[in-house]
Amino acid sequence: MRTLKAEMLEAFLQENPLIVDVRPEAEYVRGSLEGAVHLPVKVIQHGDHDLPKNRPLLLVCERGAMSELAGLYLEAAGYTQVYNLEGGLRALKKT
């Protein structure tokens, strides 16, 4: 899994990643990145999803820990283009 620093997000979005917000529903409804799909880490853990393997996946959460965990699950399932937003959405608020 690769780590993406908040200040690199704008450039990385040019690669057309699928943004996956892995937070619980109560946190997700408060707002996320534009175009993000909601897929809680527990769903990813159990493999109950159809995320593409041929497209970069940018995983986001509030602080970066849950998205890192989700990335580990995805890598174990054979995903190779997995990115974690370092510091999560909070880091974006600081840029």
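So, how was this worked out
Residues numbered from 1 in each chain as written. Predicted model: local features only at pLDDT ≥ 70, side-chain atom pairs only at ≥ 80, totals over all residues. Heavy atoms only, no water. Helix = DSSP H or I, 4+ residues; strand = E, 2+ residues; numbered from the N terminus. Rg over C-alpha atoms; globule rule 2.2 N^0.38 Å. Buried < 20%, exposed > 50% of the residue type's maximum accessible area, 1.4 Å probe, protein only. Contact = heavy atoms within 4.5 Å. Areas by Shrake-Rupley, 256 points an atom, 1.4 Å probe, with all protein chains shown as cover. Lys, Arg positive; Asp, Glu negative; His and termini not counted. Charge placed at Lys NZ, Arg CZ, Asp CG, Glu CD. Patch = residues over 30% accessible without salt bridge, like charges linked within 9 Å, V, L, I, M, F, W, Y side chains within 5 Å. Salt bridge = Lys/Arg side-chain N within 4 Å of Asp/Glu carboxyl O. Phe/Tyr/Trp six-rings, centres within 6.5 Å; stacked < 30°, edge-to-face > 60°. Lys NZ or Arg CZ within 6 Å of the ring centre and 35° of its normal.

**Student:** Explain the overall build of the protein chain to me, please; I cannot follow it from the model alone.
**Tutor:** Secondary structure assignment for the protein chain yields five helices and five strands. Taken from N to C terminus, the helices and strands of the protein chain fall in the order β-α-β-α-β-α-β-α-β-α. For 95 residues, the compact-globule estimate of 2.2 N^0.38 gives 12 Å, and the protein chain sits close to it at 12 Å. For the C-alpha atoms alone, the extent of the protein chain along its principal axes is close to 35 × 30 × 20 Å. Looking at the protein chain as a whole, 40% of its 95 residues qualify as buried. In the protein chain, once contacts between residues fewer than 6 apart in sequence are set aside, the share between residues at least 24 apart is 68%. When the accessible surface of the protein chain is totalled, it reaches about 5,600 Å², and 50% of it is carbon and sulfur. Each charge class in the protein chain can be summarised by its mean position, and for the 11 positive and 13 negative side chains these summaries are 5 Å apart.

**Student:** How should a nonpolar patch on the surface be read in this particular structure?
**Tutor:** Where nonpolar side chains cluster on the molecular surface, the patch consists of M1, L69 and L72 and spans about 240 Å² of accessible area. In this structure, L69 sits in helix α4 (residues 65–76).

**Student:** Can you help me understand the packing of aromatic side chains in this one?
**Tutor:** Here a ring pair, both rings aromatic, is described through the centre-centre distance and the interplanar angle of the planes. Tallied over the full model, the rule gives one aromatic pair. The interplanar angle of 50° and the centroid separation of 4.5 Å between the aromatic rings of F12 and Y83 together place this pair among those described as tilted. Pair noted here: F12 is in helix α1 (residues 9–12) and Y83 is in strand β5 (residues 82–85), with a separation of 71 residues, a long-range link. Taken as a pair, F12 and Y83 share a single burial class, namely buried. For K53, the ring lying beneath its charged end belongs to Y79, and the centroid distance is 5.1 Å.

**Student:** What is the right way to read the pattern of salt bridges from this model?
**Tutor:** Pairing is possible between side chains of opposite charge, provided their charged atoms come close. Applying the stated criterion across every chain, the model contains five salt bridges. When the shortest N-O distance is used, the salt bridge between R23 and E62 registers 3.1 Å. Taken together, the positions of R23 in the loop between β2 (18–21) and α2 (25–28) and E62 in the loop between β4 (57–60) and α4 put the pair 39 residues apart, joining distant regions of the chain. There is no split in this pair, since R23 and E62 are both buried.

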